[in-house]
Every structure is written in C-alpha cells, then in structure tokens.
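# Residue-level structural notes
One letter stands for each residue in the lines below.
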Amino acid sequence: MKGVRLHAGAAVLLLAALGACADNNVGPALRSGAQAYALIPAPTGAQTIRDYRIGPLDTLQISVFQEPDISSTGTVVDAAGNISMPLIGRIKATDQTATELADHLAAKLAERFYVDPQVTVTVLSSVAQRVTVQGEVEEPGIYPISGPTTLLDAVALAKGETENAALREAIVIRYVDGERMGAVFDLKAIRRGDAADPAILARDVIILGHSNSKRIWHDVLRAAPLLNVFTQF
C-alpha cells in the first residue's frame, strides 16, 4: 500500500507540473494560421527552381564581351550589397538575379561609354544561399540550400527534432523589404498532410520551440526505475 500511495502522489505531482508548463513560446508579433501562409506561402505545383538572388559577400564573374579591361573574374559583393566596376563605380548588386544585374550594368555602360554592350554575370560562390536552423533540433547550424526547399526539408538538414521539441511551434523568421517578420507553423499538422509545407528561402531563420511538458515527462520516465526501487521498501 505504501508503494501505491507513492505512485499516486507522483502521478498527481506530474499532472500538476505538466499543466503548469503548457507550451507557449510564441510571441504576439508572430503570424499564425492563414496569416502565416500569406507571409510564407507553400510552393505551388508549378513552381520551378527560384532564380538565385545575389547576396552580400558573394563572388561574381562579370564579363563584358570583347572588353577585358572592365571585365572581372572575382568581384566580391561588399557587406552593404554593392560592387565596384570600372567606368560605373559602385552599384547595388544584392537582391537581383545574375541576369537582372547584367542588364543593369549593360544599361549603365550604354548610357555614356558603349553601344549595345553585352554583359554576363555569373555567381562563382555564394555565401547568402543558406538557412539557419536553431532551437530543438539535433544539430543546430547554418546549412546551404539548393533549389526549392520547405520547412520539413530545413528541419531534416538539422537531423530532425529533439525529443523535447514543441512541434506546433516551428517559427520561421524572414526579412521582407528590409523588415524582420515571423510566422509560426505546426509541424505535426504538416506531417499529417493537414497543413501545407511552407517554402523556405535563402537567409531564413528556422527556430523549433522547446516543450517543457515533454521535458518533464521524459525526466519522469528516466527516473521511473529509481522510483520503483524506493517503492519496494
């Protein structure tokens, strides 16, 4: 009977602790539900590989046809997002595709220096084509991505969630027009097929929340063999 009373008391304490530690790590500024998908939508069936947008510290090759003096094989985008080119000077390169930047440079050269210049831009190495995965994942870190990537893909890059992850609190942080914005998604619903898997872009930050109730439950399960020893006396 003494052992039974100890088990019952432990159960009461456990239920009280779990109730007091309800998972709620989502701030009021984070969008959820339909608003979350309006900010960070799921990929469409017709989506193709997104054109890469040049980012800070990327290395570019800039070729001007038959003009080696103003061509470059190692132009690095500075931290402010600019490059320097002969005759043109400093010009913004970030948030443009290689084709868009080439057209922009050609237009600048055509204004004063050349007739119908042919400019080609190639991204030789990319620093910006990465995502950051933090929180309750097995291996938090910064991971390169290539082509279409979803939230489930990003979590898989970090070797999946830990046992104490709050799956209903998968937060995605994204800069939109220079403004930091965030949304929260339910990984359990996504895996069941009840919710769409949102598309992740380069420089997004994914944070998987921590579940206090799961932690307490796992702590109790690990302590159970020790509790059983005491109940024998």
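All of the points below concern the structure found in this document. (Residues numbered from 1 in each chain as written. Predicted model: local features only at pLDDT ≥ 70, side-chain atom pairs only at ≥ 80, totals over all residues. Heavy atoms only, no water.)

So, about the overall build of the protein. In terms of regular secondary structure, the protein is built from six helices and twelve strands. Per-residue burial for the protein yields a buried fraction of 35% across its 233 residues. Restricting to contacts in the protein with at least 6 residues of sequence separation, those with at least 24 account for 61%. Taken as a whole, the protein presents about 13500 Å² of accessible surface, with 57% of it coming from carbon and sulfur. (Helix = DSSP H or I, 4+ residues; strand = E, 2+ residues; numbered from the N terminus. Buried < 20%, exposed > 50% of the residue type's maximum accessible area, 1.4 Å probe, protein only. Contact = heavy atoms within 4.5 Å. Areas by Shrake-Rupley, 256 points an atom, 1.4 Å probe, with all protein chains shown as cover.)

Counting residues in each nonpolar core, the largest one holds 24 residues, and the members touching the most others are V131, V133, L151, V172, F185, L187 and I206. In terms of residue count, the dominant contributor to this core is strand β9 (residues 165-176) (four residues). With near-sequence residues (within four places) excluded, V172 lies in contact with I40, L151, M181, G182, A183, F185, I200, D204, V205 and I206. Residues L60, V64, L101 and V119 belong to the second largest nonpolar core, which totals 18 residues. (Core = buried A, V, L, I, M, F, W, Y, C linked by side-chain atoms within 4.5 Å.)

Within the secondary structure, R112 sits in helix α3 (residues 98-112). What makes R112 exposed here is its relative accessible area of 68%. Residues R112 and L87 lie 25 residues apart in sequence; the distance between their C-alpha atoms is 9.3 Å.

The next point concerns the sheet that holds strand β2 (residues 72-76). Spatially, β2-β1-β5 is the arrangement adopted by the three strands of the open sheet, whose pairing is antiparallel. What marks the edges here is a single partner per strand, and that holds for β2 and β5 (119-125). The mean inter-strand angle of the sheet, taken between neighbouring strand axes irrespective of direction, is 30°. Bridge count between strand β1 (residues 59-64) and β5: six bridges; the pairing is antiparallel. Paired with T59 across the bridge in β5 is S125. Here α3 sits on the sheet in contact with β1 and β5, set at roughly 140° to β5. (Pairing = 2+ DSSP bridges. Axes fitted to C-alpha atoms, helices over the stretch in contact; angles between N-to-C directions.)

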